[in-house]
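The residues making up each chain are set out below.
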Amino acid sequence: MKKKSLKKAGRTVIVYNLMMLPGLILLIFFSIVPMAGIAIAFENYKPGAGIFHSKWVGLYWFRYIFQLPNGVQVIKNTLIIAVMKIIAGLIVPIAFALLLNEIRKSVLRRSIQTIIYLPHFLSWVVLGGIVKEILSLDGILNRILGSIGLEPVFFMAKPELFRGILVVTDIWKEFGFGTIVYLAAIMAVDISLYESAAMDGAGRWKMLISVTLPSIMPTIVLMATLSLGNILNAGFDQIYNMYNPLLYSTGDIIDTFVYRTGLVDLKYSLATAVGVFKSVISLIMISISYYLADKFAGYRIF
Amino acid sequence: MIEYKNRKNRIVDLMLALLAILAALVCIFPVLHCTALSFSGAAAADAGKVTIWPVDLQLTAYKKLLEEKAFFTAFGISVKRVLLGGGINMILIIIMAYPLSKDKREFPQRNIYMWFLVFTMLFNGGTIPWYITIKNYGLLDTMWALVLPCAVQVYNIILMMNFFKGIPKELEEAAVMDGAGPFTTLLKIYLPVSLPGLATVGLFVLLYHWNNYFDGIILMNSASKLPLQSYVQQFVVSVDAKQNMTTEQLLELAKMSSRTLNAAKIVVTMVPILVVYPFLQKYFTSGLIMGAVKG
């Protein structure tokens, strides 16, 4: 009897492995094989010669990045935009989750939630198109500015405004969805904490500061830590769908630079080198953030 | 919850509610504005009279859109992509999340697989090697290029795996006692009680395929093979980002394009999401939270 069940357990493990197999093969073909293409960054790659017959140039392209006049600017833009988004992306969802929690009518609360989650599910193609329309010279925003006597602004030709526009529209798309995790944390707060605070005569503002906020602090710290991994993710999709050459000075980021250098100008080696630079730093940052999240909040991805 | 009865609190309640409603309106405004534009007369739209309600209501833009065959070809390609790509994604998510939801005693190789999956999620060779690899496989300009490279979605597998972990072990033990193998257990026991989880990852997968424009732009050489979002991206959204243009040229271009027609294209691109979203919304918050709970 025992032998039979052992045999069965062995067969189950084999089936488990078989279940993993198709996905594993696909990952090898489409994730692992491209990693070999990183070699392109260390070569003077010529499509005709291929990876194996192009000339090896070592770290030439990596040094070249920092000699490019716009190379350093692109890295700077990436960092500035990403950090602005990380900070705003923490504060706004937390504040809004606290606000939603104060709304007593559950029908109203749920309707608002339904609406504010929606932009998260729309693509930057769609939203970029709408944002450009709203901000265009004869778009609705300029009509409003005009009606209060202000000169129209050609928003999409002003590099000094672009980063602000990116952060505001990014928040607009994502803050609602971002509240989910904080709302879940607020729901989990022990109700007796509120009861004893009420006993002590605490008003709702006092409760928010001394009960709710401290209770969700672990979640806030966790989300802040995890966002470290996004330090070089300034948001390709958003910028690609909103920028134009007039905005490169403040809005061109590593990912858009890689796209144009590699796939438009066909400088494969330079583009790959920039991409590898980003991938390696991102991997290090994500690993650090996961390590910290595990150490201080007991968070594990699996 | 503790009840507040006094007047001051009711005023505060009202203010907070108004603030939240205002934020929700700001969220929905661009979508309403674009929809209103698409149903408005061209003259009214250009004169900036349209806010969130159509002015000079008409279907001209949509009639014009109907003549643009290429748009609907792209729409069809996107539908095909969602069905084929999404189907493959869901099958792989289910059959990979299930064994990974077992602990190390039941599935000794689990952690090796897990590390491998997470590594492929966190690190990649970048856009250029990805493009060259798919080109070398001869997949450019085929539907497979939009479906196979993203067939294994690690994030969704982890979400589903955590969902499976939350299902009581007793259910499985009873089935195994009756002689059920892993596939039977998965199909008969796990899937029927996992509807919120399946709806959540299903929504994510659907959105991934419907919303993805970048792979279409890179991997499809002929315009007739572009999925919808890539098509709209190329012919509506970034016509002005193509070459180096001066401010004057940009202005000229903005004048020439028909904003009601462009708005109509954007609306049609959004509609499938707006239709599916309310049905899946009630699942995904609970699915997402349960999926995030560590087993």
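Cut-offs applied
- Residues numbered from 1 in each chain as written.
- Chains lettered and ligands numbered in written order.
- Predicted model: local features only at pLDDT ≥ 70, side-chain atom pairs only at ≥ 80, totals over all residues.
- Heavy atoms only, no water.
- Helix = DSSP H or I, 4+ residues; strand = E, 2+ residues; numbered from the N terminus.
- Buried < 20%, exposed > 50% of the residue type's maximum accessible area, 1.4 Å probe, protein only.
- Contact = heavy atoms within 4.5 Å.
- Buried area = accessible area lost by both parts, 1.4 Å probe.
- Salt bridge = Lys/Arg side-chain N within 4 Å of Asp/Glu carboxyl O.
- Domains from an automatic or database assignment.
- Polar contact = N/O pair within 3.5 Å; in protein donor to acceptor, adjacent residues only side chain to side chain.
- Nonpolar A, V, L, I, M, F, W, Y, C, P; charged D, E, K, R; others polar.

**Focus on the side chain of N156 of chain B**
Residue and element names in this part refer to chain B.
- On the secondary structure map, N156 appears in helix α8 (residues 154-165).
- Look at N156 and you get buried, because its relative accessible area is 5%.
- Not counting residues up to four positions away in its chain, the partners in contact with N156 are I93, V201, F204 and V205.

**Looking at the interface of chain B and chain A**
- Tallying the contact residues gives 109 residues for chain B and 92 residues for chain A.
- Together, the buried faces of chain B and chain A total about 8,800 Å²; carbon and sulfur atoms form 77% of this surface.
- Considering only the surface of chain B that becomes buried against chain A, C27, F123 and I128 of chain B emerge as the three largest contributors, covering 7% of it.
- At the boundary of chain B with chain A, the tally comes to three salt bridges.
- Linking D138 of chain A and R259 of chain B is a salt bridge whose minimum nitrogen-to-oxygen distance equals 3.3 Å.
- In terms of residue count, helix α1 (residues 7-38) of chain B provides more of the side of chain B that touches chain A than any other element does, 19 residues in total.

**Considering the domain arrangement of chain B**
Residue and element names in this part refer to chain B.
- We note that the domain assignment places domain 1 (7-58) and domain 2 (63-292) within chain B.
- Measuring from the centre of the C-alpha atoms in domain 1 to the corresponding centre in domain 2 gives 31 Å.
- Listed per partner, the contact involves ten residues of domain 1 and seven residues of domain 2.
- With both sides pooled, the region where domain 1 packs onto domain 2 buries about 660 Å², and carbon together with sulfur makes up 77% of that total.
- The tally of links between domain 1 and domain 2 comes to one salt bridge.
- Across the salt bridge formed by R259 and D46, the nearest N and O atoms sit 3.6 Å from each other.
- Between the two partners, domain 1 and domain 2, sit zero residue pairs in polar contact (both at pLDDT 80 or more).
- Contributions of two or more residues to the side of domain 1 that touches domain 2 are made by α1 and α2 (42-46).
- Examining the composition of the side of domain 1 that touches domain 2, we find that five residues originate from one element, α1, more than from any other.
- In terms of residue class, the side of domain 1 that touches domain 2 is made up of five nonpolar, four polar and one charged.

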